[in-house]
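# Fold and contact review
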Amino acid sequence: MTPYSVIGAGVAGLTVATELARRGAHVQVYDPAGGPGAQGCSWWAGGMLAPWCEYENAEEPVLRLGQQAIGWWADHTKVTRNGTLVVAAKRDLPDLRRFARRTEGFTETTEISRLEPDLIRFDRGLFFEHEAHLDPRQALADLQTGLRDKGVQIHPQKAPKDAPNPIDCRGLAARDALPDLRGVKGEMLMIRAPDVALTRPVRLLHPRIPLYVVPRGDGIYMLGATMIESEDRGRITARSMLELLSAAYALIPAFGEAEILEIGVDLRPAFPDNLPRIQRRNGVTYANGLYRHGYLLAPALAQGVADLLLDGKQSELCDEDCP
Amino acid sequence: MRRFYDTDLATPLMLGTAQYPSPAILDRAFRESGASVATVSLRREGAGGAGQSFWSMIRELGVRVLPNTAGCHTVKEAVTTAHMAREVFDTPWIKLELIGHTDSLQPDVFQLVEAARILTEDGFQVFPYTTEDLIVGERLLSAGCEVLMPWGAPIGSGRGLANEYALRAMRAEFPDTPLVVDAGIGLPSHAARAMELGFDAVLLNTAVARAGDPVAMARAMALAVQAGQLAHQADPIEPRDMAEASTPVIGKAFLT
């Protein structure tokens, strides 16, 4: 049986390895870090499976391919199917109307406090009931366990030069081979606010400072995320932190009492059209460019890689020159 | 045509580069818009080369780059950002934006005049984002600016020309100065109107970048500024209260 070598153990690498193994292929995974962790941007993701909302500012494949992700992830980790709630302050209602025009799959609701009793400042919003969310770190751990159970090893080392059938899933590190890959900076916070009881991701629209809050359980929330055309992965700026926290405070004043648990800063790997892509160069298969849609589009990317390598089928994510 | 610091613009449209769904769409929107100038904001996060990937895409648009000091609230910040911009884009042009109010993003005209003087003395060619105030306009010209960019309405508001009377007065007051309506444009009709008033160019960003179809809106704006400019050059008729028949009525049989 042809063996495959997946390089990189972030969300792209682990979903690709999982999909190949699920279809019976023999797979090895290589990552010098030994597994997922704070060194990769999948660690810092929101984990929203929100294809309908994301369609507001993304192209059609995100809406269509993203819908398949909910079922894929539900087979591998805990997925909470509780929808997404989108709200805006009264003065930003034009933004809510625009969001409604640019998306689908929602119902307009004036019963915000019935859905989320802590959201007392908002009297109208959009409810995307078919959306879901997951805990990215749990999802990565569950994929690792699943791979281990199938006998797939994650080698804590760089892939050897002669690794058979390499599939490069290194994210931004692969820009040495993919020159049109760029990094888009994102900053996020993890906070603990036991007095707040949100049951689903909430998005607050704002012309300058949009915010989303994703509940992780046990009073822990992820606040995200900035989108800056910069490749500085150093630290969060004071401005970004101020904006994230101000927006969270505007959403629910009780967030003012939260403890800040973690500050995350990393770069999303993106191609110029902000869509992921499968490419073949010199015998290497590259699966990259998940941008802000790591968990949303990784299943489609992984299926595309498996279709290409195991069945010789070209997914729509394949480059035109993909042999 | 009035010149922008010894430069003739091929088209009277300046287009911003922020907020597009993707760089690929930005690129297509620029091609459709025929914009002759691309404005780009330099944030501190881009310092030390971190913004290079995006900036090289802007350079590849093949149009003149006008870096801006968006988000600066003080003279010092604006001057620092301008210096960074000159290094990154190798241009003396700088769109000077000094924000005085967080909600309206209204320019702080007092700091604006001061920063304009400092930057002009340092060899910059300053494009100040200002209000329609005539006295501020005069002060900016005395500070060395050779272009004025009054707002149509607050940034991103899409309200069009909120004070057309004042913009008209500004055009009359500064007949030799290139004037650009900057900010507030939401629709092609707003852009056409600015050109009909005799402005030399229109600068916009949100109206295209946040439209449902940025590429189509870019094309619409290209047509609008061209229509407005042609109309202005064609010396439009004066509006009047009573009808004026375009064909004579005397001698026509009217009792048939």
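Conventions used here
- Residues numbered from 1 in each chain as written.
- Chains lettered and ligands numbered in written order.
- Predicted model: local features only at pLDDT ≥ 70, side-chain atom pairs only at ≥ 80, totals over all residues.
- Heavy atoms only, no water.
- Helix = DSSP H or I, 4+ residues; strand = E, 2+ residues; numbered from the N terminus.
- Rg over C-alpha atoms; globule rule 2.2 N^0.38 Å.
- Buried < 20%, exposed > 50% of the residue type's maximum accessible area, 1.4 Å probe, protein only.
- Contact = heavy atoms within 4.5 Å.
- Areas by Shrake-Rupley, 256 points an atom, 1.4 Å probe, with all protein chains shown as cover.
- Lys, Arg positive; Asp, Glu negative; His and termini not counted.
- Charge placed at Lys NZ, Arg CZ, Asp CG, Glu CD.
- Buried area = accessible area lost by both parts, 1.4 Å probe.
- Salt bridge = Lys/Arg side-chain N within 4 Å of Asp/Glu carboxyl O.
- Phe/Tyr/Trp six-rings, centres within 6.5 Å; stacked < 30°, edge-to-face > 60°.
- Pairing = 2+ DSSP bridges.
- Axes fitted to C-alpha atoms, helices over the stretch in contact; angles between N-to-C directions.
- Core = buried A, V, L, I, M, F, W, Y, C linked by side-chain atoms within 4.5 Å.
- pLDDT = per-residue confidence, 0-100.
- Parallel < 35°, antiparallel > 145°, perpendicular 65-115°, else oblique.
- Left-handed = near helix turned anticlockwise from the far one by under 90°.
- Nonpolar A, V, L, I, M, F, W, Y, C, P; charged D, E, K, R; others polar.
- Right-handed = clockwise from strand over helix to strand, strands pointing away.
- Disulfide = S-S within 2.5 Å.
- Polar contact = N/O pair within 3.5 Å; in protein donor to acceptor, adjacent residues only side chain to side chain.
- Patch = residues over 30% accessible without salt bridge, like charges linked within 9 Å, V, L, I, M, F, W, Y side chains within 5 Å.

Attention now moves to the overall build of chain B. In terms of helices and strands, chain B carries 9 helices and 8 strands. Scaling as 2.2 N^0.38, a compact globule of 256 residues should have a C-alpha radius of gyration of about 18 Å, and chain B matches this with 20 Å. In terms of overall dimensions, chain B has a C-alpha envelope of 85 × 40 × 35 Å along the principal axes. Buried residues in chain B amount to 52% of all 256 residues. At a minimum sequence separation of 6, the contacts of chain B that also span at least 24 residues come to 67%. Carbon and sulfur atoms provide 53% of the accessible area of chain B, an area that totals close to 12000 Å².

Let us now look at the overall build of chain A. A count of helices and strands for chain A gives 8 helices and 16 strands. Relative to the 2.2 N^0.38 estimate, which gives 20 Å for 323 residues, the radius of gyration of chain A is 20 Å and therefore close to what a compact globule would have. Summarising its shape, the C-alpha atoms of chain A cover approximately 60 × 35 × 35 Å along the three principal directions. For chain A, the residues scored as buried account for 58% of the 323 residues in total. Within chain A, counting contacts between residues at least 6 apart in sequence, those at least 24 apart form 75% of the total. Computed over 37 positive and 42 negative side-chain charges, the inter-centroid distance for chain A is 2 Å.

Tallying the contact residues gives 23 residues for chain A and 21 residues for chain B. Taking both partners together, chain A and chain B bury about 1800 Å²; carbon and sulfur atoms supply 43% of that area. Along the contact surface separating chain A from chain B lie 2 salt bridges. For Asp-103 of chain B, the salt bridge is made with Arg-91 of chain A, and the minimal N-O distance between the two is 3.0 Å.

Tallied over the entire structure, the rule returns 9 aromatic pairs over all chains. Their ring planes at 55 degrees and their centres at 5.3 Å tell us that Phe-106 of chain A and Phe-128 of chain A sit as a pair that is tilted. You can see Phe-106 of chain A sitting in the loop between helix H4 (93-102) and strand E5 (107-109) and its partner Phe-128 of chain A sitting in strand E6 (residues 125-128), a full 22 residues away along the chain. When the centroid spacing of 5.4 Å and the interplanar angle of 50 degrees are considered together, the rings of Tyr-5 of chain B and Phe-127 of chain B count as tilted. Of the two residues, Tyr-5 of chain B sits in the segment before strand E1 (13-16) while Phe-127 of chain B sits in strand E5 (residues 125-130), which places them 122 residues apart along the sequence.

Looking now at the sheet that holds strand E16 (residues 284-288) of chain A. Residues and elements named next belong to chain A. Strand order in the open sheet formed by 6 strands is E8-E2-E1-E9-E16-E15, with mixed pairing between adjacent strands. The open sheet has two edge strands, strand E8 (153-155) and strand E15 (277-281), and neither has a second partner. If you compare each strand with its neighbour and ignore which way they point, the axes differ by 25 degrees on average. Of the pairings in the sheet, the one linking strand E9 (residues 166-168) to E16 comprises 2 bridges and is parallel in character. Across the sheet, residue Asp-168 finds its bridge partner in E16, namely Tyr-286. Packed onto the sheet, helix H8 (residues 294-311) meets strand E1 (3-7), E9, E15 and E16 and runs at close to 35 degrees relative to E15.

Counting 76 residues, the largest nonpolar core has Phe-4, Met-14, Leu-96, Val-126 and Phe-127 of chain B as its most contacted members. Counting residues per element, this core draws most heavily on helix H3 (residues 75-89) of chain B, which supplies 8 residues. Counting 72 residues, the second largest nonpolar core, distinct from the first, contains Val-152, Met-190, Ala-287 and Leu-308 of chain A.

In this section: the confidence of the model for chain B. This prediction gives chain B a mean pLDDT of 91; 95% of its residues lie at or above 70. Confidence estimates for the predicted assembly give a pTM of 0.88 and an ipTM of 0.84.

Residue and element names in this part refer to chain B. In the contact formed by helix H1 (residues 23-33) and helix H9 (residues 214-233), the axes pass within 7 Å of each other and the chain directions differ by 20 degrees. It follows from the interaxial angle that H1 and H9 lie roughly parallel. Viewed along their axes, H1 and H9 form a crossing whose handedness is right-handed. Taking contact as the criterion, the partners of Ile-25, Arg-28, Ala-29, Glu-32 and Ser-33 in H1 are, on H9, Pro-214, Val-215, Ala-218, Arg-219 and Ala-222. Classifying every residue of the contact of H1 with H9 by side-chain character gives 6 nonpolar, 1 polar and 3 charged.

Remember that side chains alternate between the two faces of the sheet whenever the strand is regular. All names here are of chain B. With 5 of its 6 residues buried, E5 lies for the most part within the structure. Pairing of strand E4 (residues 93-96) with E5, which is carried by 4 bridges, proceeds in the parallel orientation. For Trp-93, the partnering residue across the bridge sits in E5 and is Gln-125. For the segment spanning E4, helix H4 (residues 109-121) and E5, crossover handedness is right-handed. The handedness of the E5 to strand E6 (residues 149-150) crossover, carried by helix H5 (residues 134-142), is right-handed.

Applying the stated rule across the entire model yields 0 disulfides over all chains. With no disulfide partner, Cys-72 of chain B has as its closest neighbouring cysteine sulfur the one in Cys-145 of chain B, 16 Å distant.

All names here are of chain B. One can find Asp-200 in the loop between helix H7 (188-196) and strand E8 (201-204). Judged by relative accessible area, which is 8%, Asp-200 ranks as buried. Reaching out from Asp-200, the side chain makes a polar contact with the side chain of Arg-171 at a distance of 2.7 Å. If sequence neighbours within four positions are ignored, Asp-200 has contacts with Arg-2, Phe-4, Pro-12, Arg-171, Thr-177, Pro-178, Leu-179 and Met-195.

On to unusual backbone geometry. Residue and element names in this part refer to chain B. Although it is not a glycine, Tyr-5 adopts a positive phi angle of roughly 50 degrees. On the accessibility criterion, Tyr-5 (6% relative accessible area) is buried. The phi dihedral of Ala-183 is positive, around 85 degrees, even though this residue is not glycine. Position of Ala-183 relative to the elements: it lies in the loop between strand E7 (180-182) and H7. For Ala-183, a relative accessible area of 9% puts it in the buried group.

On the surface, a cluster of nonpolar side chains totalling about 220 Å² of accessible area is made up of Leu-245, Ile-260 and Ile-263 of chain A. Structurally, the position occupied by Ile-263 of chain A is in strand E14 (residues 259-270).

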